[in-house]
Amino acid sequence: MSKVVRFKRRRKKPPNARRSRRWISRGSWIAIAAILLAGVTVYYSSDLLPNSAAGSEASLTGRASVIDGDTIEIHGERVRFNGIDAPESSQFCKDRNEQPYRCGAMSADAVDRFLAASSPTRCDFVERDRYERFVGNCYRADGLSVAAAIVRKGWAMDWPRYSGGAYAEQQEAAKAERLGIWAGTFQPPWEWRAEQRQEQPAQIVPLVSATPAAGNASCDIKGNIGAKGERIYHVLGQEHYAKTTIAESKGERWFCSESEARAAGWRAAKR
């Protein structure tokens, strides 16, 4: 018996079917690549830019500019060290010889020198304070805690109200060795600020300067004019204060307050 061979009739496909599937596949890969690229861009941008899409909890990393002993600035963002308090810029303390000195300026200088030794600085977000400043735990590039180091050097205090005593050990060590502000007497920064807010009459403390100005010992700020004509004032305790001389014949002068110096056109010395 002969076999009957049946042939299946192939269904014709549209002429552009293969080309259509190939186009859809290629378009899918392009879309996936675009999504991945966008994700990578957002991820890295969040680490580099403050207040980015990552939210206010993002860390800040960069070169720090020192504002005072407990505040720096990174990428234009003011950062307050968490859990410590340092003397204010205009605050005075007394050294071991009971002589007043600008402890706030000394504290800021200590922070500047510490950060310069290992840069950049990284600050991890903790919260926003009532002034909307970024409050964070900050570290040098080598991983050392800035707050712990400055307290240990004696230029800031542990602030139990916010630290829970995290830096009490460093403070006790600095106090025992009489480092920084512990070498003499001082008023805790939070108490000093409270007095300023109450606008109590400031206690007049006689200051000793190398060359008293017109018999007024409280006018100890030196208004110097540089070789390029730049007017810079130096306060007691700053690096170049002792060796700065005042030549009134050249237009240099003494000031009794920083506000008086600034009003006259002088700027503060950087250190």
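Nothing here was measured: the structure is a model prediction, and the numbers come from that model.

Draft legend 1. Representation of unusual backbone geometry in the model. Residues S119 and P120 are joined by a peptide bond in cis, for which omega reads 10°. With a phi close to 65°, E132 is a non-glycine residue in the positive phi region. Following the sequence through the fold, E132 ends up in the loop between β8 (121-128) and β9 (134-139). Even without a glycine there, the phi angle at R178 is positive, about 55°.

Draft legend 2. Examining the nonpolar core more closely. Membership of the largest hydrophobic core comes to 32 residues, with the highest contact counts inside it found for I72 and I181. Elements with a contribution of two residues or more to this core: β3 (71-74), β4 (77-81), α2 (103-116), β8, β9 and α3 (146-152). When residues in this core are grouped by element, the largest group, 6 residues, is from α3. Listed in part, the 6 residues of the second largest apolar core include I221, Y233, F255 and A261.

Draft legend 3. Molecular detail of the sheet that holds strand β13 (residues 253-255). In spatial order, the strands read β13-β11-β12-β14; together these 4 strands make up an open sheet with mixed pairing. A single partner strand is all that each edge strand has here, and the edge strands are β13 and β14 (267-268).

Draft legend 4. Molecular detail of α2. Its 14 residues place the ends of α2 20 Å apart at the C-alpha level, agreeing with the 20 Å of an ideal helix rising 1.5 Å per residue. All of the buried residues along α2 are C103, G104, S107, A108, A110, V111, F114 and L115. Down the axis, α2 shows its buried residues gathered within 155° of arc, on one side only. In this structure, α2 carries R113 and A116 as exposed residues pointing more than 90 degrees from its buried face.

Draft legend 5. Region of interest: the pairing of strand β11 (residues 221-225). Here β11 lies mainly inside the structure; 4 of its 5 residues are buried. With 3 bridges joining them, β11 and β13 adopt antiparallel strand pairing. Within β13, the residue paired with I221 across the bridge is F255. One ladder, built from 4 bridges, connects β11 with strand β12 (residues 231-234); its direction is antiparallel.

Draft legend 6. Expanded view of the packing of aromatic side chains. This model, assessed by the stated rule, comprises 5 aromatic pairs. Taken together, a centroid distance of 4.7 Å and an interplanar angle of 75° make the contact between W159 and Y162 edge-to-face. The interplanar angle of 10° and the centroid separation of 5.6 Å between the aromatic rings of W159 and W190 together place this pair among those described as stacked. Taken together, the residues W159 in the loop between β10 (157-158) and α4 (160-163) and W190 in helix α6 (residues 189-197) connect sequence positions 31 residues apart.

Draft legend 7. Layout of α6. Inspection of α6 places P189, W192 and R193 among the buried residues, and these make up the whole buried set. The buried side chains of α6 occupy one side of the element, clustering within an arc of 95° when seen end-on. In this structure, the buried residues of α6 make contact with β5 (84-85) and β10.

Draft legend 8. Structural view of the environment of D124. With respect to the secondary-structure elements, D124 resides in strand β8. By relative accessible area, which is 23% here, D124 ends up partly exposed. Within the structure, D124 has its side chain in polar contact with the side chain of S59 (distance 2.7 Å).

Parameters at a glance
- Residues numbered from 1 in each chain as written.
- Predicted model: local features only at pLDDT ≥ 70, side-chain atom pairs only at ≥ 80, totals over all residues.
- Heavy atoms only, no water.
- Helix = DSSP H or I, 4+ residues; strand = E, 2+ residues; numbered from the N terminus.
- Core = buried A, V, L, I, M, F, W, Y, C linked by side-chain atoms within 4.5 Å.
- Buried < 20%, exposed > 50% of the residue type's maximum accessible area, 1.4 Å probe, protein only.
- Pairing = 2+ DSSP bridges.
- Expected span 1.5 Å × (residues − 1).
- Arc of directions from axis to C-beta.
- Phe/Tyr/Trp six-rings, centres within 6.5 Å; stacked < 30°, edge-to-face > 60°.
- Contact = heavy atoms within 4.5 Å.
- Polar contact = N/O pair within 3.5 Å; in protein donor to acceptor, adjacent residues only side chain to side chain.

Everything listed here is a matter of coordinates, which is why it stays silent on function.
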